[in-house]
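Summary of the model geometry
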Amino acid sequence: HLALDQAARAILRKNDRGGYTLPTSGLYPYQWNWDSAFAAWGFAQFDIERAWLELTTLFSGQWPNGMLPHILFHKPDPGYFPGPDVWGTEGKGPIPSSGISQPPVAATFARMIYDKNPDAGRNPMAALFPKLVAWHRWFMRWRNADGMIFITHPWEGGRDNAPDWDSAMQAIDPVGVGDYTRRDTAHVDASMRPTKDDYDRYIWLVQRARGLGWDDAAVAQDQPFKVADPLMTFVLLRANRDLAALADALGEDRAELDQWTAELTAGAEKLRNTAGVFDGFNLNAGHHTGSVSNASFLCWYGHLDSAQMLDELHQAFDQCRYPVPSQKVGSDWFNAKRYWRGPTWGIVNMLIGLGLADMGHKAEAEELRARTAALMAEHGFAEYYDPLTGDPAGGGSFTWTAAVWLAWAS
Ligand code: DGY
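These numbers were taken from a predicted model, which means no experiment stands behind them. (Residues numbered from 1 in each chain as written. Predicted model: local features only at pLDDT ≥ 70, side-chain atom pairs only at ≥ 80, totals over all residues.)

To continue, consider the packing of helix α12 (residues 230–250) against helix α13 (residues 255–269). Packing of α12 against α13 brings their axes to within 9 Å, and their N-to-C directions diverge by 160°. Considered as vectors, α12 and α13 are oriented roughly antiparallel to each other. With respect to the hand of their crossing, α12 and α13 are arranged in left-handed fashion. Along the contact surface, α12 presents T233, F234, L236, L237, N240, R241, L243, A244 and A247, while α13 presents L257, D258, W260, T261, L264, T265, G267 and A268. Within the contact of α12 with α13, the residues separate by chemical class into 10 nonpolar, five polar and two charged. (Axes fitted to C-alpha atoms, helices over the stretch in contact; angles between N-to-C directions. Helix = DSSP H or I, 4+ residues; strand = E, 2+ residues; numbered from the N terminus. Parallel < 35°, antiparallel > 145°, perpendicular 65-115°, else oblique. Left-handed = near helix turned anticlockwise from the far one by under 90°. Contact = placed C-beta atoms within 7 Å. Nonpolar A, V, L, I, M, F, W, Y, C, P; charged D, E, K, R; others polar.)

Attention now moves to the site of the ligand. The local shell around the ligand consists of H70, W155, D160 and D184. Within the shell around the ligand, the residues separate by chemical class into one nonpolar, one polar and two charged. (Near = placed C-beta within 6 Å.)

Backbone-to-backbone hydrogen bonds join strands into a sheet, with any given pair of strands oriented parallel or antiparallel. In spatial order, the strands read β3-β4-β5-β6-β7; together these five strands make up an open sheet with antiparallel pairing. Among the strands making up the open sheet, the edge pair consists of β3 (144–145) and β7 (287–288). With two bridges joining them, β3 and strand β4 (residues 148–151) adopt antiparallel strand pairing. In the strand pairing of β4, A145 is matched with M148. Lying over the sheet, α12 contacts β4 and β5 (227–228), oriented at roughly 125° with respect to β4. (Pairing = 2+ DSSP bridges.)

Counting residues in hydrophobic clusters, the biggest one holds 123 residues, and the most contacted among them are A40, A110, A403 and V404. With sequence-adjacent residues up to four places away left out, A110 is seen in contact with L55, M125, L128, L132 and L246. (Core = buried A, V, L, I, M, F, W, Y, C linked by C-beta atoms within 7 Å. Buried ≥ 20, exposed ≤ 12 C-beta atoms within 10 Å, placed from the backbone.)

A few words now on helix α6 (residues 118–142). The principal kink in α6, of about 40°, is found at P124. Among the residues making up α6, those that are buried are G121, P124, M125, L128, L132, V133, W135, H136, W138, F139 and M140. On its buried face, α6 sits against α3 (48–59), α5 (106–116), β3, β4, α12 and α13. (Bend = angle between axes of the 7 residues up to and from the residue.)

This brings us to the pairing of β4. Burial along β4 is two-sided: M148 and F150 and I149 and I151, pointing in opposite directions, are all buried. Remark: two residues form the turn of the hairpin made by β3 and β4, two consecutive strands paired antiparallel; D146 in that turn has positive phi of roughly 60°. Inspection of the sheet shows β4 paired to β5 by two bridges, in the antiparallel sense. If you follow I151 over to β5, its bridge partner there is V227.

Moving on, we come to the packing of helix α16 (residues 362–379) against helix α17 (residues 399–409). Running from N to C, α16 and α17 cross one another at 135°; their axes reach a closest spacing of 11 Å. Taken together, α16 and α17 sit at an angle that is classed as oblique. Read as a crossing pair, α16 and α17 show a hand that is left-handed. On α17, the residues touching R369, T372, A373 and M376 of α16 are T401, W405, W408 and A409. Broken down by class, the residue content of the contact of α16 with α17 amounts to five nonpolar, two polar and one charged.

Moving on to α3. Here α3 is 12 residues long and its end C-alpha atoms lie 17 Å apart, about the 16 Å a rise of 1.5 Å per residue gives. Those residues of α3 lying buried are A51, W52, E54, L55, T57 and L58. Summarising the contacts, the buried residues of α3 are in contact with β1 (31–32), α2 (33–43), α5 and α6. (Expected span 1.5 Å × (residues − 1).)

Functional significance is not addressed by these values, which are geometric in nature.
Okay, structure coming up:
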């Protein structure tokens, strides 16, 4: 494992831009929100100061309303679209950024980094704590449907082209989106990326929210895309619990956090569909989305148990050499190579594994870890992988995959 450990560390160092880490150069040339939280946890395995710096830099982009953007455009890079000129967020935050957020995994990793070395963490953690609370409060106020956390753009959920969004996306007619040039397909095979139909709607939704001036109330009410997301809900639920533990460690008040945890626990139950699977809920249409995705298996990470999901997990282990597929093998949506419609993602595997271990499903947690380790050892640190063959897909030399190796899989 020594050579692989060294290769993983080298990826983090190579993608380091001094205070923040690129997901991978070329395809994603800026600081991405949840990528950075995973990077911090990776750095914490060998450089705790650098881990804290990653999170501190990330929160330097927080808007005054508490929103933490999904991309911080520290330095212009023409190789990426859509850049700051398309988002039109001038004046909203301290540095150029996108106008939407991303899965709030940061509090969970801040807690783990703090627990690793409380002395090194006391000052940075004390500074981050109120910022994390403000960010979670923003979600609870503006992305909360009865305890289910929803997204207003597929990019906000991080799983850009997941089938959970299909019904909401199909209801959008991207009229007037205009001409634009994608840059992602110049870096990566188009068959591994979202389709043009998806992309037109991504850009149309950005233009629409921009037209609303990125006003929180207007976006939350009027955006035609509003889907409650199991990943967002379970991630925030978990992060709130971790923030409450940090409140105890720092001598801060946890009452508001505990109330959110109760609200989200009740909300997450509503994401369980009639088949017993946690899936998306299209709020504008009023129905579950019917997809068994890798996000469905984050129930344990949110501390909800489910015999049905354990059965689904065993099926995924049987069907795939390298689980967990981002879409159930055999479903009409399954595509082994296309981004969030089939491929296996190391980051989601790690979150699922942490949850399984927490909830006492030790054998499944270990099986998932071992198969993820084999996948990375055999096929490198790719963005994502074909769940059947292990073929690497998307970007290479990928920060969060290297971080998952260092922090969990190895
Ligand atoms: C992209 O541009 O593909 C990203 O996923 C958006 O965050």
